[in-house]
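Residues per chain are reported as follows:
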Amino acid sequence: MGHATSGSPVIGARVETAALHSYDDAPRTPDADDPAIWVNASASGEGLVIGVLKDAGLQVYDLEGNVVQTILPPRRPAVTSEDPPVPGTKPESGTSACPESASGETYSRFNNVDVQYGFELIKANGSTETVDIAVVTDRGCDRLRIYAIKPQSSSGPLIDITAPSAPRVFPSQFVQPSSLQPTGEPSGVQDNDLDDQNTAYGLALYRPEDDDDGYRAFVTQRNRSAIAELELYAAGSGKVSYTRVRELRFNPVFTVPGASPGSPSIQWTPCREEPESDPQFEGLVVDQQEGVLFAAQEVVGLWRVPLNDALPATVTVPASRLIAKTRSFGEPWWAVPDDGEYACEDTAPIAPVAGTIAAPGNPSAGGLHLERDVEGLAIYYGEDEEGYLLVSSQGDDTFHVYDREDPTDHIAAFQVEGTGETDGHDVVNVPAGGDFPYGLFVVQNGQAGGPASEDPINGFEYDGSTQFKLLGWEDIADELDLDVEEDEFDPRDPHDD
């Protein structure tokens with residue numbers, strides 16, 4: 001799929017969480033994905049790392065890597081004493097499936113998480129309460145789950161405050177079939193069967209400067225080139241719900257220069273392993289001060305989208321907003337039939353295979369730094385508009401540092417020791433515990449050490465291990481000659497000058 005980046009500094013973590021071991025098709029098996037960092041205003045330097053575990057729900061860690069809370073998925077299958085290990089206790093009877101699951105076999109699956117501060121709830125008696133919140137995409141049930149962060153509560157630190165009436169995020173889908181890999185399905189807006197899982201996926205929260213605009217959640221749609229903008233609102237009785245504001249749509253067809261001087265331009269689109277699926281987004285982050293959304297389209301690259309409440313309910317984002325392309329962007333490709341799907345190859349197959357699709361391209365059209373898949377995004381805030389945009393290039397296990405003010409300016413790349421297949425990361429510039437006095441960078445590690453035995457458990461095959469790693473920002477800054485700006489941005493008050 002690509003080549004390893006040579007010469008990138010390798011930086012060690014200060015803290016690692018215990019590895020979680022996944023077993024293929026096992027009920028509620030853990031698989032760590034995206035983390036978020038919460039910092040405590042009332043206890044300087046304290047904080048939490050909130051990590052999603054997909055089918056296994058959420059796990060909350062202190063800054064020494066200890067588990068302080070396990071949150072089971074709200075809709076979950078039963079687990080027996082014979083099943084592989086899961087967070088929480090077993091056996092456990094489970095619950096019913098997601099309400100809209102026609103099969104009755106689709107359950108909650110947490111995917112991304114983000115944190116915001118100072119959300120005002122309306123309690124049952126009409127009084128208000130200000131809380132920090134963690135919001136999670138429930139990809140299985142196509143919803144957001146909202147949690148109040150209350151570290152002093154006996155039932156905390158996270159408490160579910162999602163309104164029971166919270167709606168699906170994507171009850172419909174905008175389908176854009178590939179002209180090169182036709183499926184026969186029509187283009188345009190269609191109903192969205194929950195069991196097909198074209199559902200809520202990536203997530204970023206945004207607190208606009210004008211409090212009247214409400215807190216926003218940007219949510220990507222699995223298997224689609226679309227992002228929904230939602231407004232979070234206090235639904236009464238201490239609960240939170242959301243309503244749709246607009247949808248951002250991205251055309252998966254791009255115009256690239258011809259492969260030779262004087263040749264016509266090429267209409268290029270990425271190869272699709274599943275021909276009915278658009279090139280999807282996952283990683284998102286919003287520059288809280290500038291009001292700009294950064295979005296990672298996994299096989300395409302990095303987009304920069306200015307936010308504006310005057311935008312219409314449906315926005316087609318122009319290709320000019322693509323600011324950093326993957327190395328493979330625009331390259332010719334070959335889609336080789338593979339059991340109802342395609343194997344996407346960057347060279348012609350040696351032996352002809354019936355039904356192979358060859359797409360023209362220009363090898364020089366791609367970017368210089370990011371390997372597909374582009375995954376997690378985070379912003380390290382500096383003075384004024386300074387700081388850094390941190391991007392995970394999962395295809396070659398590297399992290400890339402771009403200038404926040406001019407995100408076309410690539411500053412450096414690095415790797416985290418013993419870490420690969422990273423799905424998500426987060427960063428804060430403020431003190432976070434005694435081990436992280438100058439800020440904290442947390443990454444998901446998709447290549448954690450395995451169990452003592454990798455033998456199947458009651459027929460369930462071992463399928464890899466994951467964890468989270470915590471790094472001191474100054475270790476990264478010293479190695480890459482970056483700034484340390486612990487006093488220039490308060491995540492609790494992003495618009496404070």
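What you are looking at is a predicted structure, and each value in this text was computed from that prediction instead of being measured. Throughout this description, residue numbers start from 1 for each chain and increase along the sequence as written. It should be noted that, the model being predicted, local features are given only for residues of pLDDT at least 70 and side-chain atom pairs only at 80 or more, the latter also being counted only at that level, while totals for whole chains, interfaces and linings use all residues. Think of the side-chain values as coming from all heavy atoms in the structure, minus any hydrogens and water.

Student: Help me understand the overall build of the chain, please; the structure alone is not making it clear to me.
Tutor: Counting its secondary structure elements, the chain contains one helix and 34 strands. Whereas a compact globule of 497 residues would reach a radius of gyration of roughly 23 Å, the chain reaches 22 Å, a difference of no more than 12%. Projected onto its principal axes, the C-alpha positions of the chain cover 70 × 50 × 50 Å. Each residue's exposure class comes from its accessible area (1.4 Å probe, protein chains only) as a fraction of the maximum for that residue type: buried when under 20%, exposed when over 50%, partly exposed otherwise. Taking all 497 residues of the chain together, 56% fall into the buried category. Long-range contacts, defined here as pairs at least 24 residues apart, represent 59% of the contacts in the chain between residues at least 6 apart. Numbering of helices and strands runs from the N terminus; a helix is a DSSP stretch of H or I covering at least four residues, while a strand is a stretch of E covering at least two. Based on C-alpha atoms, the radius of gyration is set beside the globule rule, defined as 2.2 Å times the residue count to the power 0.38. A contact between two residues is defined here by any heavy atoms of the two lying within 4.5 Å.

Student: Is there a simple way to think about empty space enclosed by the protein in this case?
Tutor: Space left empty within the atom packing is revealed by a probe, the size of a water molecule, rolled over the atoms. Using protein atoms alone on a 1 Å grid, points that fit a 1.4 Å probe yet trap it form a cavity, whereas open point sets bounded by protein on both sides within 12 Å along at least five of seven lines form a pocket; residues with an atom within 4 Å of a point count as lining. Grid points are joined across faces, edges and corners, and a volume is the space filled by probe spheres set on the points. Tallied over the full model, the rule gives one cavity of 30 Å³ or more. As a volume, the largest cavity reaches approximately 490 Å³. Along the walls of the largest cavity sit 34 residues, with D114, V115, V285, D426 and V427 positioned nearest its centre. Of all the secondary-structure elements, those providing two or more residues to the lining of the largest cavity are β4 (35-39), β8 (110-122), β14 (200-206), β20 (281-287), β28 (374-381) and β32 (425-428).

Student: Would you explain the pairing of strand β34 (residues 462-472) in this entry?
Tutor: Two faces, one strand: in a regular strand the side chains alternate between the faces of the sheet. The buried fraction of β34 amounts to nine of the 11 residues, a majority that puts the element mostly inside the structure. Between any two strands, at least two bridges found by DSSP are needed for them to pair. Across two bridges, strand β2 (residues 15-16) lies against β34 in antiparallel orientation. Counterpart to V15 in the pairing with β34 is L470. Bridge count for strand β3 (residues 20-23) against β34 is three bridges, and the pairing is antiparallel. Residue Y23 lies in a different strand from β34, and its bridge partner there is Y462. By the bridge criterion, six bridges tie strand β33 (residues 440-445) to β34 in an arrangement that is antiparallel. Across the sheet, residue V443 finds its bridge partner in β34, namely K469.

Student: When you look at the nonpolar core in this model, what are you seeing that I'm missing?
Tutor: In a soluble, globular protein the nonpolar side chains are often hidden away together inside. Side-chain atoms within 4.5 Å link the members of a nonpolar core, which is a set of buried Ala, Val, Leu, Ile, Met, Phe, Trp, Tyr and Cys residues. With 35 residues, the main nonpolar core has I50, L58, V115, I149, L158, L440 and L470 as its most contacted residues. Of all the secondary structure elements, the ones that give two or more residues to this core are β4, β5 (47-52), β6 (58-61), β8, β9 (128-138), β10 (143-149), β33 and β34. The next biggest cluster of nonpolar side chains, apart from the first, holds 30 residues, and it includes F250, F254, V299 and V300.

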